[in-house]
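Examination of the molecular architecture
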Amino acid sequence: MSELRKKILGETRRLVVKIGSRVLVDSEHGGVRAPWIAGFTESVAKLRAAGKEVVVVTSGAVGTGMAVLGYATKPANIAEKQACAAVGQIDLMHTYREMFQRQGLVAGQILLTADDFRDRARYKNLQNTLNALLAKGVIPVINENDSVAVAEIKVGDNDKLSSDVALFLDADLLLLFTDEDGLFDANPKTHPGARLLQFVPEISAEIMAMAGKVGEAGSAVSTGGMRSKLDAIKAVTKSGCNAFLANGMKTLPHEVVLGDAVGTLFAGAKRKLNSRSRWLSFVSTPKGVLQLDAGAARAVREKHSSVLPVGVTAISGRFREGDLVEVRDPEGNSLARGISLFDAATLKLVLGQKTATVKTRLGADAPEMVIHKNDMVLLS
Ligand code: GLU
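All values derive from a computational prediction rather than experimental measurement.

Whether parallel or antiparallel, the strands of a sheet pair through hydrogen bonds between backbone atoms. Reading across the sheet, the five strands line up as 12-11-13-14-15 and stay open at both edges, with mixed pairing between neighbours. The open sheet has two edge strands with one neighbour each: strand 12 (312-316) and strand 15 (376-378). Taking each pair of neighbouring strands and ignoring which way they run, the sheet shows an average axis angle of 25 degrees. Bridge count for strand 11 (residues 288-292) against strand 12 is four bridges, and the pairing is antiparallel. Looking at the pairing, L290 lines up with I315 of strand 12.

Here the focus is the site of the ligand. As a structural note, the neighbourhood of the ligand is formed by ten residues, with A61, V62, N143, D146 and N158 the closest of them. Between an oxygen atom of the ligand and a side-chain N or O atom of S59, the distance comes to 3.0 Å. Contacts to the ligand include A61, whose backbone N or O atom sits 3.0 Å from an oxygen atom. Burial of the ligand by the surrounding chains reaches 95%, relative to a free accessible area of 300 Å². Considering only residue class, the shell around the ligand consists of two nonpolar, six polar and two charged.

With six of its six residues buried, strand 5 (residues 173-178) lies for the most part within the structure. Alternating residues of strand 5 divide into L173, L175 and F177 and L174, L176 and T178, and every residue in both groups is buried. As paired elements, strand 1 (residues 14-19) and strand 5 share five bridges and run parallel to each other. Paired with V16 across the strands is L174, a residue of strand 5. Bridge analysis of strand 5 against strand 9 (residues 242-247) gives six bridges, and the strand direction is parallel. Within the sheet, the bridge partner assigned to L174 lies in strand 9 and is A243.

Moving on, we come to the packing of helix 3 (residues 34-49) against helix 5 (residues 78-102). Packing of helix 3 against helix 5 leaves a shortest axis separation of 9 Å and a crossing angle of 45 degrees. Relative to helix 5, the element helix 3 is oriented oblique. Relative to helix 5, helix 3 is oriented so that their crossing is right-handed. Counting all contacts with helix 3, which are made through A34, I37, A38, F40, T41 and V44, the residues of helix 5 involved are T95, Y96, M99 and F100. Across the contact of helix 3 with helix 5, the residue classes break down as eight nonpolar, two polar and no charged.

Time to look at the confidence of the model for the protein. When pLDDT is averaged across the protein, the result is 89; 94% of the residues are at 70 or more. The low-confidence segment residues 217-223, where pLDDT is below 50, has 20 contacts with residues more than four positions distant or belonging to other chains.

This brings us to the nonpolar core. Within the largest apolar cluster, 43 residues are counted, with the highest numbers of intra-cluster contacts made by I142, V165, L230 and F266. Leave out the neighbours within four places in its chain, and I142 touches V55, V56, V57, T58, I110, L112, L130, L161 and V165. Core analysis: the next-biggest nonpolar cluster, separate from the first, contains 41 residues, V56, M93, A261 and L265 among them.

It is worth spelling out helix 4 (residues 61-68) at this point. Most of helix 4 is tucked away: six of the eight residues are buried. Those residues of helix 4 that sit buried are A61, V62, G63, T64, G65 and M66. Those residues of helix 4 hidden inside the fold are in contact with helix 5 and strand 4 (139-144). At the C-terminal side of helix 4, G70 shows a positive phi close to 80 degrees.

For the rest of this paragraph, the subject is the environment of A299. Secondary-structure assignment places A299 in helix 13 (residues 294-303). Overall, the relative accessible area of 22% leaves A299 in the partly exposed class. Linking A299 and G311, residues twelve residues apart in sequence, is a C-alpha distance of 9.7 Å.

On to the packing of aromatic side chains. How two aromatic rings sit relative to each other is set out by the distance from centre to centre and by the angle between their planes. The tally for this structure, following the rule as stated, stands at four aromatic pairs. Taking the centre distance of 6.3 Å and the plane angle of 15 degrees together, the rings of Y96 and F100 count as stacked. Taken together, the residues span about one helical turn, with Y96 and F100 both in helix 5 at a distance of four residues. Both residues of the pair, Y96 and F100, belong to the buried class. With 5.6 Å between their ring centres and 50 degrees between their planes, F117 and F168 make a pair best called tilted.

The rules behind each value
- Residues numbered from 1 in each chain as written.
- Predicted model: local features only at pLDDT ≥ 70, side-chain atom pairs only at ≥ 80, totals over all residues.
- Heavy atoms only, no water.
- Pairing = 2+ DSSP bridges.
- Helix = DSSP H or I, 4+ residues; strand = E, 2+ residues; numbered from the N terminus.
- Axes fitted to C-alpha atoms, helices over the stretch in contact; angles between N-to-C directions.
- Near = heavy atom within 4 Å.
- Polar contact = N/O pair within 3.5 Å; in protein donor to acceptor, adjacent residues only side chain to side chain.
- Areas by Shrake-Rupley, 256 points an atom, 1.4 Å probe, with all protein chains shown as cover.
- Nonpolar A, V, L, I, M, F, W, Y, C, P; charged D, E, K, R; others polar.
- Buried < 20%, exposed > 50% of the residue type's maximum accessible area, 1.4 Å probe, protein only.
- Parallel < 35°, antiparallel > 145°, perpendicular 65-115°, else oblique.
- Left-handed = near helix turned anticlockwise from the far one by under 90°.
- Contact = heavy atoms within 4.5 Å.
- pLDDT = per-residue confidence, 0-100.
- Core = buried A, V, L, I, M, F, W, Y, C linked by side-chain atoms within 4.5 Å.
- Phe/Tyr/Trp six-rings, centres within 6.5 Å; stacked < 30°, edge-to-face > 60°.

This is the structure in structure tokens:
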């Protein structure tokens, strides 16, 4: 295992490191844990010296701002939470900047929302910006743009943000730092005998079950639990990127990549997905849902056929032509994702209609397909 691990991690060229609020925010006194960031930046400098490209996804804006604005727990009110993020993000970046400077490194801040990933053109621009930063030796430090992102445009939590970033940068490794030593076969907080898994070749249903329920195990300052971490890891490993889960309180990134730090290694799939498939499958958030009848669902599942209006029984969401939509079978299971050639209002007019009727109703130029098979990925 150790040899395999060395081989997998040794091949890392570009890595994305995600640091959670629990590691970054001093929960007792409030504020950023600057000494931790000092050690972290020193570790990043070691990785740079070893020729690795490092991208940081940081949490901690809300948690840091909370103390400054006098909140003991995360405010439930969205605007107040956003106010905390606006205040905390400055402190956070100030600390990163200073600590990276001490290592002779330059940090660059990028704040994102889900819309930056949805729009293919924006997504491309972002890729270019990040590549330009990396080419200049800058360490990108990324967070969600929490002070503007609300429900519809929110990425969600920073576990998802970090997997999105790893996917669009085609990283070789996603390193997630949390306050546990890795993935255990039971919750180590409640089961003292729980065993740490060192190597997970594939995220099976059994592995997912170890993470508990969605939303479980958040804390006063953090958002995601183990479940959201495994969702993020599943997305990247399916696309061919490796992932590692380690305890940020005890471990530094160079100890994982260049040493043999404790944690769980998740192997990426052998076959790498290309940029477009990665975007369709995992990164962008669908704007709407198409429900198919049984025949159309079977054709999509078994033959990867295009979706025609005749097979669509219902739609939801206000999507436009060119937006990403999710395709579901009659039981409501997710089947695929693809780019819709119709906007929602127009598609409503021709649900369940044969092509000839569609053309009669909408004119000869109306598209024959709702989603062309080349613009669709199956979700297995
Ligand atoms: N973006 C949030 C923050 O910086 C954290 C979200 C998360 O931890 O998942 O406070």
